[in-house]
Structure formats: structure tokens, C-alpha cells
Amino acid sequence: MRLRWVMIVLAVVLIIVHSAWAASQADDERSASLLPDALLRNIGTDGPGTPIVVFNPLSWARTDAVEMESPYPGEGPHVIITDERGRVCPARCLGDRLYFTARDVPAIGYKVFWANRVSKPAPASVKCTDELLENQFFRVRIDKHAGVVTCIYDKLNSRYLMPPGRFSALLQVVPGSGRPHDLRGDSTAVMMDSGPARGMVILDHGYEKSPFVQEVALHDGVPRLDVRLTSDWRQSHGPDGSTLRVAFATDVRSRNATIGWIERPQGSPNTPALRWVDCSARGYGVSLMVDQGMSVTATDGVLMATLLKPRAGSEAIDEDASELRYSLYAHRGDWRAG
């Protein structure tokens with residue numbers, strides 16, 4: 001079968017275990033070189049529109065957000081995506097990028113989708129302003145002046161994740177000795193994408209000479225709150241140095257956890273983990289996952305990840321630009337469900 005223009009999308013893996021992340025990166029790179037010659041000749045891409053082949057290198061089926069080069073650069077933003085069963089999901093073009101959710105991509109396999117331009121967006125559950133994000137799973141409220149998340153409502157489980165008066169997606173600069181400094185206030189929140197494929201609000205922070213930008217997003221059909229942090233660390237470091245961390249307050253109360261361990265109810269054994277931490281109690285839990293960073297921990301229901309630790313022992317101004325991602329996931333059951 002003669003192939004039309006086929007675009008290969010290697011979906012971004014949200015990291016739970018660092019070794020799995022490293023392996024999946026290597027798999028993605030190998031797949032990028034092998035798929036065109038080994039598989040594409042045998043993949044049926046005839047269908048209504050521009051075919052997009054999404055490959056899943058993981059050993060479980062996935063529904064996840066896809067970002068790729070748009071087949072319609074410079075044209076209208078509205079696109080619909082159709083799978084082989086005729087199911088339609090919304091998509092959106094911003095500039096030269098296309099965003100949509102690839103549903104039910106099989107384990108260690110692929111699925112073909114077709115994209116078509118439309119004059120109006122497809123119906124979707126994603127809503128977004130500079131103070132509210134909402135999809136099928138969460139309703140998230142943002143204080144646009146403080147630059148933090150003030151409320152997360154779990155729609156599937158009909159409960160609030162956060163206690164009143166607390167904050168999530170709260171960046172903190174922690175000196176080598178001393179109290180953490182919250183990056184809250186004198187911030188800005190700007191709606192970047194209003195749907196239908198995703199909603200995104202940008203939270204802009206600053207600490208002395210260092211800018212930090214969090215892109216807080218909900219995707220259509222994806223049960224996670226995703227954040228991408230872009231930072232440019234420009235601090236002068238003393239012998240102790242400083243670290244940057246992010247905190248998510250939850251109302252799940254379980255006993256304190258050692259860094260890098262799952263937090264379990266009082267009396268239960270801890271379980272070692274990498275790049276993620278979980279608070280679970282009474283059949284409900286919340287997990288924080290990080291694709292990079294130094295460590296994760298949970299204390300009194302607050303999930304925290306240490307993201308950056310500039311080099312200590314130097315008095316010079318360091319310019320250390322970086323980008324990383326972290327996600328919040330609510331679940332029924334204990335930490336194994338998370």
C-alpha cells in the first residue's frame with residue numbers, strides 16, 4: 001500500500017521510575033530510526049484525512065497527550081482527530097504545533113489516527129481561563145495574583161484534594177540554612193490555551209535575578225494535572241547553596257515519609273521509589289511524579305519535589321537554564337493503584 005504523508009509521534013513518557021525513563025528514551029530513539037523502514041510499509045494509513053501514527057514504547061496501553069509538528073502550519077487552529085473506530089476527539093493547532101489526546105494506544109504498539117481541519121472546534125470538556133482549568137477529571141482554581149493553585153477538585157471521586165487555605169504548584173527557594181521562601185505574590189497568571197484539546201495557564205515567578213515559569217495544564221481525557229517548569233537560575237551560591245522545590249498540599253493524612261519513599265498509613269511498611277511519591281489513606285491517594293530533579297518526599301500530606309540544586313562552593317553568578325515536568329495524579333485504592 002502506498003503511504004501518504006505519515007507523521008510519527010513518539011509520545012512523551014511521564015516518568016515514574018528514572019531507569020524506566022532512561023530505557024524508554026533509548027527505545028524512542030531506536031524506534032524513530034527503525035519505524036519508517038521496518039513498519040510503515042506495512043501500516044495501513046488509508047483513511048479520512050492526514051494519517052498520524054502514534055507509537056507507545058511502554059508495556060501497558062496508554063491514553064495520553066500528544067504534541068507534534070502540525071501538518072497545517074499557518075492555517076486555522078481547529079482540527080479533529082479520528083481513530084479507526086470512527087471516534088472523534090478535539091485537537092488544536094497553535095503556531096506550528098498540533099495538540100491532541102491519543103486514546104487507547106496498545107502496549108508496545110501503535111495506533112493510526114487521522115487529522116482533518118474544521119471550521120469550528122469539536123465539543124470537549126476542557127475549559128480554561130486565567131483563574132480556572134477544567135477537564136473530565138479535575139477542576140483547578142488559580143490565584144492569578146499569587147501565581148499558585150488554590151483548589152483542586154477530583155470530579156471522579158467527588159472530593160477536594162486540597163485543604164482550604166493551602167497552596168499547590170507552590171515553588172519554594174530553600175537556602176542551605178534557613179526557612180523556605182515561597183514564590184507567591186508579585187506573580188502573573190496568563191491563559192495560554194483555552195482548549196479544546198488542552199487548557200493551559202502560565203504562572204510567572206521571580207526570585208532575585210532568577211525567572212521561573214510554570215505551565216499548568218489539563219488535557220482532554222487525561223487524568224493528571226501536568227506542569228512544565230522552565231527556569232533560569234541566576235543566583236550567587238555560598239558554601240551551602242540553595243535549592244528550588246515545588247509543593248502540593250493535599251488533605252490525605254498519612255505518616256511522614258523518608259525522601260524517595262512512598263508514604264503509607266501509620267503502621268504500614270514503606271516501599272522504596274524513584275522520581276515519585278504517594279500519599280494514600282482510607283482507600284484514596286495522590287501521587288506526585290517528576291521526570292527529573294533531586295528527590296521527592298511527603299510530609300503531613302504535602303507532596304514535595306526538590307527540582308534544582310545549583311553547584312555549591314562558588315560565589316560567581318551561575319546561569320543554569322533548565323526545563324522539567326511534574327504531574328499530580330489522584331486515584332482510588334492504595335499506592336499500588338497510583
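Not measured: the values here are computed from a predicted model.

A.B. asks: Quick one: what's the story with the overall build of the protein chain, residue by residue and with numbers?
C.D. replies: A tally of helices and strands in the protein chain yields one helix and 24 strands. Sorting the 338 residues of the protein chain into buried and exposed places 51% on the buried side. Nonlocal contacts in the protein chain, meaning residues at least 24 apart in sequence, comprise 64% of its contacts between residues at least 6 apart. Total accessible area on the protein chain stands at roughly 15500 Å², and carbon and sulfur atoms take up 51% of it.

A.B. asks: Residues and numbers for the pattern of salt bridges, please.
C.D. replies: Under the counting rule described, the total for this entry stands at 17 salt bridges. Where D64 meets R62, a salt bridge forms, and the shortest distance between an N and an O atom there is 2.7 Å. We note that D64, like R62, is buried. Each of R62, D64, R224 and D226 takes part in one network of salt bridges that share partners.

A.B. asks: Residue-level account of the side chain of E215, with values.
C.D. replies: Tracing the backbone shows E215 in strand β17 (residues 210-219). E215 gets classed as buried once you look at its relative accessible area, which sits at 14%. Of note is the side chain of E215, whose polar atom sits 2.7 Å from the side chain of R228. Excluding residues within four positions of it along the chain, E215 makes contact with M200, V201, I202, D226, V227 and R228.

A.B. asks: How would you sum up the sheet that holds strand β14 (residues 181-182)? Please name residues and give values.
C.D. replies: Across the sheet, which stays open at both edges, the five strands sit in the order β14-β13-β19-β23-β22 with antiparallel pairing between neighbours. The open sheet has two edge strands with one neighbour each: β14 and β22 (295-299). Of the pairings in the sheet, the one linking strand β13 (residues 170-175) to β14 comprises two bridges and is antiparallel in character. Opposite Q172, over in β14, you have D182 as the bridge partner.

A.B. asks: Break down the environment of K127 for me, citing the residues and quoting the values.
C.D. replies: Locating K127 in the fold gives a position in strand β8 (residues 127-128). Considered as a pair, K127 and M200 are 73 residues apart in the sequence and their alpha carbons are 9.4 Å apart. With near-sequence residues (within four places) excluded, K127 lies in contact with L132, L133 and E134.

A.B. asks: Talk me through the environment of L308; I want residue IDs and the actual numbers.
C.D. replies: In this structure, L308 sits in strand β23 (residues 302-308). Judged by relative accessible area, L308 falls into the buried class, the value being 10%. Through-space distance from the C-alpha of L308 to that of T243 is 5.6 Å; in sequence the pair is 65 residues apart. Setting aside anything within four residues of it in sequence, one finds L308 in contact with S231, W233, S242, T243, L244, M294, S322 and L324.

A.B. asks: A description of unusual backbone geometry should follow, citing residues and the corresponding values.
C.D. replies: Put simply, G195 and P196 share a cis peptide bond, and its omega is 10 degrees. With respect to the element layout, P196 can be found in the loop between β15 (188-194) and β16 (198-207). A positive phi angle is found at S158, which is not glycine, with a value near 50 degrees. Tracing the backbone shows S158 in the loop between β11 (148-154) and β12 (159-160). Looking at S158, the relative accessible area reads 52%, which means it is exposed. At R282, a residue that is not glycine, the phi angle is positive and equals roughly 55 degrees.

A.B. asks: Which residues make up the packing of aromatic side chains, and what values do they have?
C.D. replies: With the rule as written, the count across this model stands at three aromatic pairs. The ring of Y284 is capped by R159, whose NZ or CZ atom sits 3.9 Å from the centre of that ring. R198 extends its terminal NZ or CZ atom over the ring of Y99, reaching a point 3.8 Å from the ring centre.

A.B. asks: Tell me what's going on with the nonpolar core, and back it up with residues and numbers.
C.D. replies: L307 and Y326 are the most contacted members of the largest nonpolar core, which totals 46 residues. Y326 has contacts with L171, Q214, L225, D226, V227, L229, V246, F248, L288, M289, V290 and L307, leaving out every residue within four places of it along the chain. Counting residues in hydrophobic clusters, the runner-up holds 16 residues, among them V54, V66, C89 and A102.

A.B. asks: Describe the pairing of strand β10 (residues 138-143), with residues and values.
C.D. replies: With burial as the criterion, only one face of β10 is covered, namely that bearing F138, V140 and I142; the residues R139, R141 and D143 on the opposite face remain uncovered. As paired strands, strand β9 (residues 132-134) and β10 are joined by three bridges and run antiparallel to one another. The residue of β10 that forms the bridge with L133 is V140. Sheet topology note: the β10/β11 ladder contains six bridges and is antiparallel. Residue pairing for β11: D143 is matched across the bridge by V148. The loop that links β10 with its antiparallel partner β11 comprises four residues; one of these, G147, has a positive phi angle of about 75 degrees.

A.B. asks: How would you sum up the confidence of the model for the protein chain? Please name residues and give values.
C.D. replies: Summarising the model, the protein chain shows a mean pLDDT of 80, and 77% of its residues fall at 70 or more. When the criterion is pLDDT under 50, residues 1-34 qualifies, and its contacts beyond four places in sequence or with other chains add up to 72 contacts. Note on residues 312-318: pLDDT under 50 across the span, and 24 contacts to partners over four residues away in sequence or across chains.

Basis of the calculations
- Residues numbered from 1 in each chain as written.
- Predicted model: local features only at pLDDT ≥ 70, side-chain atom pairs only at ≥ 80, totals over all residues.
- Heavy atoms only, no water.
- Helix = DSSP H or I, 4+ residues; strand = E, 2+ residues; numbered from the N terminus.
- Buried < 20%, exposed > 50% of the residue type's maximum accessible area, 1.4 Å probe, protein only.
- Contact = heavy atoms within 4.5 Å.
- Areas by Shrake-Rupley, 256 points an atom, 1.4 Å probe, with all protein chains shown as cover.
- Salt bridge = Lys/Arg side-chain N within 4 Å of Asp/Glu carboxyl O.
- Polar contact = N/O pair within 3.5 Å; in protein donor to acceptor, adjacent residues only side chain to side chain.
- Pairing = 2+ DSSP bridges.
- Phe/Tyr/Trp six-rings, centres within 6.5 Å; stacked < 30°, edge-to-face > 60°.
- Lys NZ or Arg CZ within 6 Å of the ring centre and 35° of its normal.
- Core = buried A, V, L, I, M, F, W, Y, C linked by side-chain atoms within 4.5 Å.
- pLDDT = per-residue confidence, 0-100.

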